[in-house]
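Summary of structural features
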Amino acid sequence: MNTQIKRAFQDALEEGVFPSAEVLAACGDEIHLHEHFGAARQDTCFDIASLTKSVSSATIAMTLVAEKLLKLDDNVYDWLGGARQPAHRAMTIRMLLNHTSGLPAWDPYYRELPISLIGTDAGRRMILDACFRETPVAEPGTKTIYSDIGYILLGEILEQAGGAPLEALFAQHVSRPLDLTNTFFIRQVGAPLSTTSRHTTTHANQHVPAGDTLRGARTAGVHRRFAPTEDCPWRERVVHGEVHDPNAYALGGVAGHAGLFSTATDLHRFALELTRCYRGESDWIEPAVVRTFLEEHTTKPTRESFVLGWNRPSKRNSASGHHFSPNTVGFLGYTGCSIWIDLTRDCWIILLTNRVHPSDTNQKIKIFRPMIHDLITSTCFPENH
């Protein structure tokens, strides 16, 4: 490994940017860099937060569009019986995917639920009803507003169109075909808000059992290693082996906007197959559908530009750094994870961290991300630089 890259990660650990990290850089099937830092190990699973939108929700949508079970111009009103506002008739799947639905960014629905309803079907219904009642802050299709709420609704539509729970659709369409053995949701039923003893520290080498309460591992009795996230004031414990996002947690751990866990090895397999489809070299998903999703820009972008399910690098101060081509897609996760895929150069960088451990007030990742991307692209992909 390049000594500059190693030093940059060691400095980041010492400066408290994150306690654990995994990084992978590849061009096609050739991996140029793959390392773990801090408490992370080869099989440590990271909560990839909003990367769920791209890796799970958008990809499931691709497969359902390819199978003609869903159309991009279908509207929310027709798919969801609780979506009865006039704006829902104008709000399409396409708009949910590219964040032009006009829906607000976020609301703390989890705080409105009685504790007894956290992770239950009744609690999930209450949150969905609250999403249906949200008044759009812009006319659908006129403005780019990044929205978790839009993706919560998208997740519900995907379940309706696919005829199965979201985690089952992900397994059927993504994880099983690509053999992503460490990428999964964790369904938590009636998840408690607190434990009998409060834990203030935890480590990535602790093992969390997967079984009745953690259903992300598809085989009962499987033990997995998780990178801890926040010492959460709401849950009164360090979040470890369960989704960090509180709305996703209240929804039972599985949602369209967050909830997926993964490793860089699995995300590399995902990026490799997605780019092969994009170039017409794989039939996992119909190439024409993949190109539609990855090439269709929002018509009226603001600070951010989105394609269908993915972000484009910002023209100024992009988290991807300065060296990815304009034909790049990627996404950031609140927990400190990111993926950037250069579709022209067939190169990508996957960065997984738990920068929110022990506190989500830690914002040092914002400076580290573009710096490390620039360093990796200049040293690992010099011919593409």
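Residues numbered from 1 in each chain as written. Predicted model: local features only at pLDDT ≥ 70, side-chain atom pairs only at ≥ 80, totals over all residues. Heavy atoms only, no water.

**What to know about helix H2 (residues 51-66)**
Compared with the 22 Å implied by 1.5 Å per residue over 16 residues, the 22 Å span of H2 between its first and last C-alpha is a close match. Roughly 25° is the biggest bend found in H2, and it falls at Ala58. Taken across its 16 residues, H2 has 15 buried, putting it largely inside the fold. Looking one or two residues beyond H2, the residue adopting positive phi is Lys68, at roughly 60°. (Helix = DSSP H or I, 4+ residues; strand = E, 2+ residues; numbered from the N terminus. Expected span 1.5 Å × (residues − 1). Bend = angle between axes of the 7 residues up to and from the residue. Buried < 20%, exposed > 50% of the residue type's maximum accessible area, 1.4 Å probe, protein only.)

**Some details on the confidence of the model for the protein chain**
Looking at the protein chain, the pLDDT average stands at 90 and 88% of residues meet or exceed 70. Contacts from residues 191-221, a stretch scored under 50 in pLDDT, to residues over four places away or in other chains number 82 contacts. (pLDDT = per-residue confidence, 0-100. Contact = heavy atoms within 4.5 Å.)

**Section: the side chain of Asp346**
Inspection of the secondary structure assignment puts Asp346 in the loop between strand E13 (337-342) and strand E14 (347-353). Within the structure, the side chain of Asp346 is placed 2.9 Å from the side chain of Arg279, a separation counted as a polar contact. Setting aside residues up to four positions removed in sequence, Asp346 forms contacts with Ala26, Cys27, Gly28, Thr275 and Arg279. (Polar contact = N/O pair within 3.5 Å; in protein donor to acceptor, adjacent residues only side chain to side chain.)

**Structural notes on the pattern of salt bridges**
The final tally for this structure, using the stated rule, is 17 salt bridges. The closest approach of N and O atoms between Asp148 and Lys53, which form a salt bridge, is 2.7 Å. With Asp148 in helix H7 (residues 148-162) and Lys53 in helix H2, this residue pair connects regions lying 95 residues apart in the sequence. For Asp148, a relative accessible area of 10% puts it in the buried group. Taken together, the shared-partner salt bridges connect Arg124, Arg125, Asp129, Glu156 and Glu159 into one network. (Salt bridge = Lys/Arg side-chain N within 4 Å of Asp/Glu carboxyl O.)

**A look at the packing of H2 against helix H8 (residues 166-178)**
Two elements in contact, H2 and H8, have axes whose closest approach is 10 Å; the angle formed by their N-to-C orientations is 65°. Relative to H8, H2 is oriented roughly perpendicular. Of the two possible hands of crossing, H2 and H8 adopt the one that is left-handed. Where H2 abuts H8, its residues Val55, Ser56, Thr59, Ile60, Thr63 and Leu64 lie against Leu166, Leu169, Phe170, His173 and Val174. Of the residues assigned to the contact of H2 with H8, the class counts are 7 nonpolar, 4 polar and no charged. (Axes fitted to C-alpha atoms, helices over the stretch in contact; angles between N-to-C directions. Parallel < 35°, antiparallel > 145°, perpendicular 65-115°, else oblique. Left-handed = near helix turned anticlockwise from the far one by under 90°. Nonpolar A, V, L, I, M, F, W, Y, C, P; charged D, E, K, R; others polar.)

**Focus on the layout of surface pockets**
Space inside the largest pocket adds up to approximately 1,100 Å³. Residue lining of the largest pocket: 41 residues in total, with Tyr146, Leu332, Gly333, Tyr334 and Arg355 positioned closest to the centre. Those elements that provide at least two residues to the lining of the largest pocket are strand E12 (328-333) and helix H12 (365-380). If one sorts the elements of the lining of the largest pocket by residue count, H12 sits on top with 4 residues. For the lining of the largest pocket, the per-class residue count stands at 18 nonpolar, 9 polar and 14 charged. (1 Å grid on protein atoms, 1.4 Å probe; cavity = no way out; pocket = protein on both sides within 12 Å on 5 of 7 lines; lining within 4 Å. Points joined across faces, edges and corners; volume = space filled by probe spheres on them.)

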